[in-house]
Each structure stands twice: as structure tokens, then as C-alpha cells.
Amino acid sequence: MSDGQVSVVIRPYRDVDRDAVVALASRLAEGVAAWRDASVVADAVHGWVTDSLEPSSSDGHGVLVAIGDGSVAGFVAVTTRRHFTGQVDASIGEFVVSTEVEGTGIGRALVNAAEAWARDRGLQRITLETGAANTRARGFYRALGYAEEEIRLSKPILIGDQSMPDRPLTGENMVNAS
């Protein structure tokens, strides 16, 4: 194909894909906030991927792989998730393409397949989460029509920090958060 596009087949995950899919897990650590412990992040993303590969008796879970040039070039895990409003959405959990195929359309094909999975189940919305520092991924998702819906904020709490009260909060030292 032209313009850097490659021929790809998207199909359901098979046990024979396990090693190749797990090998891609480390890419999920990209874009995680710099203050997070890298070894803890690596363990967590490995666990997410291996958990997503466990057989599920539910139709509310799927893993799709992209096969390009005869090998696994990426994967997406999709499931259902109840939003706090009560609406059930599809949710992309883990989504990775190998560095060798970035920019070739395989990522877009995987996301399209996840959206089709959701559509086939009558779901009206698909969600995902990515690291705020993962600007490349955020740009990719924006280009596919995804909009940021919720923002998680983080601040370190320093033990012994003089700016933090060391006594119970009262009306005199309480900060109004509104």
C-alpha cells in the first residue's frame, strides 16, 4: 500500500498471540507521569495486559490483534464499563502498536475495530484513558474524534512539609476548597 500504509488483518486474540502481545505491554508505560515509580508502572501494565488476555465467559470483553507481515503488530482490549451516570459504555483498556508500525494506519484500524465491537453490542459511546503527558497519543485520539471528558489532577503530599498543618484542621487553619 502507499503513503506508509501497510496491509493488516484485525482478528480476535488467540492463545498463540500471547507472547507477542505481552511483549508490547511495556509501551503502555509511555506517557505516565514522571513522578510515578517506573518499576511499579511496568509491573502494573504487564498485569493489565495479562489480565486482559484471560478468557472471559462474558460478551462484554474482547481482545483484538492486528496482524501485519505475518506477526502481531498491535492489539486492543475492549470491555464494557458503567459510567457514573449509569450509562454502559464500551471502554478501551489496553491499546498498543509496535514502534515499527506507528504511523502506518494499524492503530487507526485497531481503534476502528474496537468501535465496531461496541457498535455490534448496541453501545452508543466508547471511552479510554491515557496519560496526560502522552501528547502523541492524545493527538492521535483527537484526530479520531475523541474528546477529553474528565481530568484527574495529582499533587504530592510531602510528609513533614511545613506548609501542611500538623494539627487537626479547625476553622482557624482549614482551607476552603470551594
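Bear in mind that the values here come from a model prediction, so they are computed numbers and not experimental data. (Residues numbered from 1 in each chain as written. Predicted model: local features only at pLDDT ≥ 70, side-chain atom pairs only at ≥ 80, totals over all residues. Heavy atoms only, no water.)

Asker: How should the sheet that holds strand E3 (residues 71-82) be read in this particular structure?
Answerer: Whether parallel or antiparallel, the strands of a sheet pair through hydrogen bonds between backbone atoms. On the basis of which strands lie adjacent, the open sheet formed by five strands has the order E1-E2-E3-E4-E5 and mixed pairing. Looking at the sheet topology across the chains shown, the edges are occupied by strand E1 (9-12) and strand E5 (126-128). Averaged over all adjacent pairs, the angle separating strand axes in this sheet is 30°, with direction ignored. By the bridge criterion, eight bridges tie E3 to strand E4 (residues 88-97) in an arrangement that is antiparallel. Bridge pairing in E4 places Val78 opposite Ile92. Packed on one face of the sheet, helix H3 (residues 106-120) meets E1, strand E2 (61-68), E3, E4 and E5 and runs near 160° to E4. (Pairing = 2+ DSSP bridges. Helix = DSSP H or I, 4+ residues; strand = E, 2+ residues; numbered from the N terminus. Axes fitted to C-alpha atoms, helices over the stretch in contact; angles between N-to-C directions. Contact = heavy atoms within 4.5 Å.)

Asker: Even after reading the chapter, I still don't get the pattern of salt bridges, so can you show me in this structure?
Answerer: If the charged atoms of two oppositely charged side chains come close together, the side chains can form a pair. All told, the structure shown has seven salt bridges when counted by the stated rule. A salt bridge links Arg11 to Asp17, with the shortest nitrogen-to-oxygen separation between them at 2.7 Å. A relative accessible area of 4% places Asp17 in the buried class. Note that Arg138 and Glu148 form a salt bridge whose closest N and O atoms lie 2.5 Å from each other. Of the two residues, Arg138 sits in helix H4 (residues 135-143) while Glu148 sits in the segment after H4, which places them ten residues apart along the sequence. (Salt bridge = Lys/Arg side-chain N within 4 Å of Asp/Glu carboxyl O. Buried < 20%, exposed > 50% of the residue type's maximum accessible area, 1.4 Å probe, protein only.)

Asker: Would you explain unusual backbone geometry in this entry?
Answerer: Of all residues except glycine, most have a negative phi; of all peptide bonds, most are trans. The phi torsion at Asp69 lies on the positive side, around 55°, for a residue other than glycine. Examined against the element boundaries, Asp69 turns out to sit in the loop between E2 and E3.

Asker: Got a minute to help me understand the side chain of Glu94 in this structure?
Answerer: Inspection of the secondary structure assignment puts Glu94 in strand E4. No salt bridge is formed by the buried Glu94; its nearest oppositely charged neighbour, Arg81, is found at 9.3 Å. Apart from residues no more than four positions distant in its own chain, Glu94 is found in contact with Leu28, Trp48, Val49, Ser52, Phe75, Val76 and Ala77. (Lys, Arg positive; Asp, Glu negative; His and termini not counted.)

Asker: Mind showing me how you'd approach helix H2 (residues 38-52) here?
Answerer: Within an α-helix, residues lying three or four positions from one another point in the same direction, as the helix has 3.6 residues per turn. Across its 15 residues, H2 extends 21 Å between first and last C-alpha, which sits within 8% of the 21 Å expected from 1.5 Å per residue. Turning to H2, its buried residues number three or more, namely Val41, Val45, Val49, Thr50 and Ser52. Down the axis of H2, the sector holding all buried residues measures 165°, keeping them to one side. Away from the buried face of H2 by more than 90 degrees, exposed residues Val40, Asp43 and Asp51 are located. (Expected span 1.5 Å × (residues − 1). Arc of directions from axis to C-beta.)

Asker: What's the story with the packing of aromatic side chains in this structure? I'm lost.
Answerer: Ring pairs (aromatic) are described by centroid distance and by the angle formed between their planes. As enumerated under the stated definition, the model contains four aromatic pairs in all. Centroid distance Phe95 to Tyr141: 6.2 Å. Interplanar angle 50°. Geometry classified as tilted. With Phe95 in strand E4 and Tyr141 in helix H4, this pair connects stretches of sequence that are 46 residues apart. Given the relative accessible area of 14%, Phe95 is considered buried. Ring-pair connections join several aromatic residues into one group, and the members of that group are Phe95, Phe140, Tyr141 and Tyr146. (Phe/Tyr/Trp six-rings, centres within 6.5 Å; stacked < 30°, edge-to-face > 60°.)

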